[in-house]
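Understanding the architecture of this molecule
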Amino acid sequence: MKSKKPLTDKELEAWENSRDMEAELLKSVKQMAAKKSHVVMSPVISARKKSGLSQAEFAKLLGVSVRTLQEWEQGRRQPSGAAKTLIAIAERRPDVLKEIVV
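Nothing here was measured: the structure is a model prediction, and the numbers come from that model.

Cut-offs and rules
Residues numbered from 1 in each chain as written. Predicted model: local features only at pLDDT ≥ 70, side-chain atom pairs only at ≥ 80, totals over all residues. Heavy atoms only, no water. Patch = residues over 30% accessible without salt bridge, like charges linked within 9 Å, V, L, I, M, F, W, Y side chains within 5 Å. Areas by Shrake-Rupley, 256 points an atom, 1.4 Å probe, with all protein chains shown as cover. Salt bridge = Lys/Arg side-chain N within 4 Å of Asp/Glu carboxyl O. Helix = DSSP H or I, 4+ residues; strand = E, 2+ residues; numbered from the N terminus.

Things to note about a nonpolar patch on the surface
A surface patch of nonpolar side chains, about 290 Å² in accessible area, is lined by Leu7, Leu12 and Trp15. Counting through the fold element by element, Leu12 comes out in helix 1 (residues 9-18).

So, the pattern of salt bridges
Where charged atoms of side chains with opposite charge meet at close range, the side chains can pair. Applying the stated criterion to the full structure yields six salt bridges. The closest approach of N and O atoms between Glu73 and Arg48, which form a salt bridge, is 2.5 Å. Here Arg48 lies in helix 3 (residues 43-51) and Glu73 lies in helix 5 (residues 66-73), a separation of 25 residues in the sequence. Glu71 is the partner of Arg67 in a salt bridge, and the nearest nitrogen-oxygen pair spans 2.9 Å. In this pair, Arg67 and Glu71 both sit in helix 5, four residues apart, roughly one turn of the helix. Residues joined by salt bridges that share partners form a network here, namely Arg67, Glu71 and Arg76.

Spatial relationships are all this shows, so hold off on functional conclusions.
Here it is, written out as structure tokens:
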């Protein structure tokens, strides 16, 4: 697998200047209108949405702060250990979570 090295400032500027933003935006709008786009959702967001809980409720259930949950949902941090297991349960069986919500 070929590794990607960061672009230099000069290379980045050249790439940005070569882009046709209007054409890219128009293409995106057409794809959305044709329903050819899809939303990629993290497993944490998916599990929380399936559970029907708010961020605050889901964070409390997992025993973490809302900020930590947001970090997981945005992909900046990864849950570990027991949190991963609870998230997997919430993803597969959201009804189980509703039984233990206090």
